[in-house]
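Residues per chain are reported as follows:
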Amino acid sequence: MARRRASQFLAGYCCSQSHSLVRRPPLCSQEPASISAPGLPHTHGKATSMFKPPSKLYRKLNSQTSCDIMQVHYSRTYGIHQRSFTSAAINIQRSPSFSKLNSDDIGYFKSMLGDKNVVQDEDRLSAANVDWMRKYKGSSQLLLLPRNTEEVSKILHHCNSRHLAIVPQGGNTGLVGGSVPVYDEVIISLASMDQIISLDKVNGILICEAGCILENLNSFLANEGFIMPLDLGAKGSCQIGGNVSTNAGGLHFIRYGSLHGNILGLEVVLADGTVLDMLGTLRKDNTGYDLKHLFIGSEGSLGIVTKVSILTPPKLLSTNLALLACKDFLSCQKLLLEAKRELGEAISAFEFMDSDAMDMVLAHMDGARNPFPSSSYNFYVLIETTGSDESYDKAKLEAFLLRSMEGGLISDGAIAQDINQASSFWQIREKLMFRKAMCWQGMSEATVKAGAVYKYDLSLPVEKLYDIVEEMRPRLGEKAKVVGYGHLGDGNLHLNIITKQYDNNILAQIEPFVYEWTSTHRGSISAEHGLGLMKADKIHYSKSPETVQLMASIKKLLDPSGILNPYKVLPQSMLQ
């Protein structure tokens, strides 16, 4: 029986002699050509994305009504601060040590940056004051657009001398309130610093400014035979400086690892305006403390990253993507183990989602079709492989899938025939992550249509990864739908809890339970999203008191006035 099922499975996607792929029915009735698949070549040599750049988003917001923009309780006097669904009652008072912006400050900035780079327009400030989930909103009166490191240095020197708090802002695609003001902090946008400085074509070392959009970098590199080592659903808007500052993970972490391993050097401006030149390009440099790692993942709380030196891997010729169905989570775990053994370094992504996640996308994503219409399954896995020999790599993946089918690890599956089918497969996964932002831009997305969503980004041992989903369901009962998906290859669960509306009583059943459970199982409450404002006072669930105290000491050393992205990352009680 196993062999018959395996042969039927293979017949669905390949031809035994030529290895050519037979097209499955498309997942969407109209597959948008503008959605690019991670790791695959872009059509017509251009990088495209389902996510619009911030500038276009600002223009769209500007055309909306004020009541549509002001969905969050907000006042220019008190700032935010949170809608009731956010992490329970964060009562943060504006620090009395910070000064208020005055006309002399505005005049200084205009004399240095020029009028057009000192933004006081209410509509543009409204967009910059709110995060893309519309969950956090500040009351900044000023947005600055420096064009180079020297201008960033002068801005920070002035703000530090005046005790003006600032918040650095990249693409503003974060999910924890780290890139928007809490009160009236001056916003420093790096968007104008988007120059590619150099590419070492022998070693694949790219040097660029912090405001470069990730997708633009990938497009540039693709033409030179390289790729960026990270790939995110928000690549059309996020900036490399923000990626570094949050230590972004993404879809290809299993293949290329953390930015701590790919960043070779940084240029950083400290709170007092000092420019820290660590923009090295050496793979090996064992002289003293490697200070760049302090700033990777510090969320702009220790300094502003202005330039990046990053190691970029060669662009490989062959990419294959398979969407698979599994009967249970144990099968997903075993499939991952076998994939590592048999496919090895060829694996570039290993994603999973449960049946509730798939059902939600099918129910609420316009034009979506069931990839396996004849049956329903409990779990789905996306495996992407990349290599240098297309026929060999495809045959190797097919042989692995056949063995996995015969072994009962896979119940059904399909291999993408072309970039459009691959895009459809990836679209299901990426829509899960970025539906909220899409709704902001007027597109109908799964969870927003389904209701309110509480999002948690957890790192756990793979064998425990799905247990919290199964424990959360009876805890919340019929009041919520609990959905699990994420980067199984690196133990990263995205736990989404969907309700009809935001409710503090439901939140009280979720938090602090979700953090306590994660801590008990030696996990991390932030796998890749960072801490920001949402989880600044939750850091002790993942770090020891001694570790947090040392972090606070480093913060006080590098930013004694505390002007850099205040109220974020660390508990305020540790910094007062």
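Residues numbered from 1 in each chain as written. Predicted model: local features only at pLDDT ≥ 70, side-chain atom pairs only at ≥ 80, totals over all residues. Heavy atoms only, no water.

An unreviewed UniProt entry lists the protein chain under the name Probable D-2-hydroxyglutarate dehydrogenase, mitochondrial, from Elaeis guineensis var. tenera. In UniProt, the protein chain has this text filed under Cofactor (unreviewed entry): "FAD". (UniProt positions renumbered as here; feature names shortened; annotations may be inferred.)

## Some thoughts on helix α7 (residues 214-224)
Listing the buried residues of α7 in full gives L214, E215, L217, N218, S219 and L221. At its buried positions, α7 is contacted by β5 (196-200), β6 (205-209) and α8 (240-246). With its phi angle positive at about 90°, G225 sits one or two positions after the end of α7. (Buried < 20%, exposed > 50% of the residue type's maximum accessible area, 1.4 Å probe, protein only. Helix = DSSP H or I, 4+ residues; strand = E, 2+ residues; numbered from the N terminus. Contact = heavy atoms within 4.5 Å.)

## Topic: the packing of helix α4 (residues 103-113) against helix α6 (residues 149-162)
It is at 11 Å that the axes of α4 and α6 come closest, and there the two elements cross at 165°. Judged by the angle between their axes, α4 and α6 are roughly antiparallel. Considering the relative orientation of α4 and α6, their crossing is right-handed. Only E151, K154, I155, H158, C159 and R162 of α6 make contact with α4, whose side of the interface consists of D105, Y108, F109, M112 and L113. Per-class residue counts for the contact of α4 with α6 are 6 nonpolar, 1 polar and 4 charged. (Axes fitted to C-alpha atoms, helices over the stretch in contact; angles between N-to-C directions. Parallel < 35°, antiparallel > 145°, perpendicular 65-115°, else oblique. Left-handed = near helix turned anticlockwise from the far one by under 90°. Nonpolar A, V, L, I, M, F, W, Y, C, P; charged D, E, K, R; others polar.)

## Quick look at the packing of aromatic side chains
The tally for this structure, following the rule as stated, stands at 14 aromatic pairs. Taking 6.3 Å as the distance between ring centres and 80° as the angle between the ring planes, the aromatic pair formed by F352 and Y466 counts as edge-to-face. Taken together, the residues F352 in strand β11 (residues 347-354) and Y466 in the loop between β14 (452-459) and α17 (467-476) connect sequence positions 114 residues apart. An angle of 25° between the planes, with centres 5.7 Å apart, marks the rings of Y515 and Y541 as stacked. Of this pair, Y515 sits in helix α19 (residues 513-520) while Y541 is found in the loop between α19 and α20 (545-558), placing the two residues 26 residues apart along the sequence. Comparing Y515 with Y541, the two get one shared label, buried. Here the aromatic residues F329, F352, F379 and Y466 are joined through ring pairs into a cluster of three or more. Sitting over the ring of F513, R475 keeps its end group 4.1 Å from the ring centre. (Phe/Tyr/Trp six-rings, centres within 6.5 Å; stacked < 30°, edge-to-face > 60°. Lys NZ or Arg CZ within 6 Å of the ring centre and 35° of its normal.)

## Quick word on the pattern of salt bridges
Inspection of the entire model under this criterion finds 16 salt bridges. With its nearest N and O atoms 3.4 Å apart, the salt bridge here joins E150 to K154. Linking E150 with K154, this pair stays in helix α6, spanning 4 residues, or about one helical turn. When the shortest N-O distance is used, the salt bridge between D354 and R473 registers 3.1 Å. (Salt bridge = Lys/Arg side-chain N within 4 Å of Asp/Glu carboxyl O.)

## Section: the confidence of the model for the protein chain
Counting all residues, the mean pLDDT for the protein chain is 83, and 80% of those residues have values of 70 or more. Here residues 1-89 scores under 50 on pLDDT; set against residues more than four positions off or in separate chains, the count is 207 contacts. Throughout residues 434-448 the model reports pLDDT below 50, and contacts reaching past four residues in sequence, or to other chains, amount to 48 contacts. (pLDDT = per-residue confidence, 0-100.)

## Remarks on the sheet that holds β14
Strands sit in the order β13-β10-β12-β11-β15-β16-β14 across an open sheet of 7 strands; the sheet is antiparallel. Single-partner strands in this sheet number two, and they are β13 (412-415) and β14. Put simply, the sheet's adjacent strands are angled 15° from each other on average, direction ignored. Alignment of β11 against strand β12 (residues 379-387), held across 7 bridges, turns out to be antiparallel. Among the inter-strand pairings, D354 is bridged to a residue of β12, identified as F379. Sheet strands touched by helix α12 (residues 329-342): β10 (318-326), β11 and β12. Its angle to β11, the strand with the most contacts, is close to 175°. Sitting on the sheet, α17 is in contact with β11, β14, β15 (481-487) and β16 (492-499), with an inclination near 15° to β16. (Pairing = 2+ DSSP bridges.)

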